Amino acid sequence: MPQTKSIVSIENVVASATINQDLDLDSIQKKFPKVEYNPESFPGAVFRLAKPRTATLLFRTGKMVCTGSKSSEMAKNAIKAVVEELRKGKIKIKNEAIVTIQNIVAAVNLGGKIHLEKAARMMPRSMYEPEQFPGLIHRMLDPKVVILVFSSGKLVCTGAKTEQDVYRAVNSLHVTLEEKNLMIYE
């Protein structure tokens, strides 16, 4: 078992949503001057919230993408808050947003150094090319995530759909590194 408790920090949750109706982005921008909308350079409008501090892209099709939240719950609340703001601004929205978590990115510190070259040889679905990228790229099947592993003992986990998957993946990798004697604690 790991000698130290890994420290996991959820850095970004990306959620998509749909309200199943078209949005008039021009009128949204007129009613909300802080909304960034420049259709010549990008087809979506950016609706930023201060609380929770997120950015939600709004598209003409009624689809939305929210980034910047620190949990699935926060992402869902941010999308709900955007819909409520739009309604308060007299934008007719008939349906509640249907939200799907697309990606959770977490930063992790395992609290010890890692032998990357040995890990690349001993762990399936791992790639380490230090002249291309300083970390080992490990593709996990269950949960289906990609973990960037650095010799410092720091990791970046991406592709998870739930916070539980992040913790499961990190714990599984940590146990594997321990069992294969790939961790060095000082």
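Just so you know, these numbers come straight off a predicted model, no measurement behind them.

Definitions and limits used
Residues numbered from 1 in each chain as written. Predicted model: local features only at pLDDT ≥ 70, side-chain atom pairs only at ≥ 80, totals over all residues. Heavy atoms only, no water. Salt bridge = Lys/Arg side-chain N within 4 Å of Asp/Glu carboxyl O. Helix = DSSP H or I, 4+ residues; strand = E, 2+ residues; numbered from the N terminus. Buried < 20%, exposed > 50% of the residue type's maximum accessible area, 1.4 Å probe, protein only. Contact = heavy atoms within 4.5 Å. Disulfide = S-S within 2.5 Å. Pairing = 2+ DSSP bridges.

**Looking at the pattern of salt bridges**
For the structure shown, the criterion picks out six salt bridges. Across the pair E96 and R87 runs a salt bridge, and its minimum N-O distance is 3.1 Å. One salt bridge in this structure joins D142 and R168, with 3.2 Å as the shortest N-O distance. Taken together, the residues span a long stretch of sequence, with D142 in the loop between β9 (136-140) and β10 (145-149) and R168 in helix α4 (residues 163-179) at a distance of 26 residues. According to the relative accessible area criterion, R168 is partly exposed, its value standing at 36%. Shared partners join several salt bridges into a network, and the residues in it are D142, D165 and R168.

**Points about the side chain of D165**
Within the element layout of this structure, D165 appears in helix α4. If we ignore the near neighbours within four places in the chain, the residues touching D165 are P143 and A160.

**Side note on the state of the cysteines**
Enumeration according to the criterion identifies zero disulfides in this entry. Sulfur of C66: no disulfide; nearest cysteine sulfur belongs to C157 and is 19 Å away. The exposure class assigned to C66 is buried, which follows from its relative accessible area of 0%.

**Some details on unusual backbone geometry**
In this structure, P52 follows K51 across a cis peptide bond, with omega equal to -10 degrees. Structurally, the position occupied by P52 is in the loop between β3 (45-49) and β4 (54-58). Residue P143 follows D142 across a cis peptide bond; omega there is 0 degrees. Tracing the sequence through the fold places P143 in the loop between β9 and β10. The residue N181 is not glycine, and still its phi comes out positive at about 50 degrees. Position of N181 among the secondary structure elements: in the loop between α4 and β12 (183-184).

**Observations regarding the pairing of strand β1 (residues 7-18)**
In the sheet, β1 pairs with strand β6 (residues 98-109) via eleven bridges, with the strands oriented antiparallel. Residue S16 lies in a different strand from β6, and its bridge partner there is T100.

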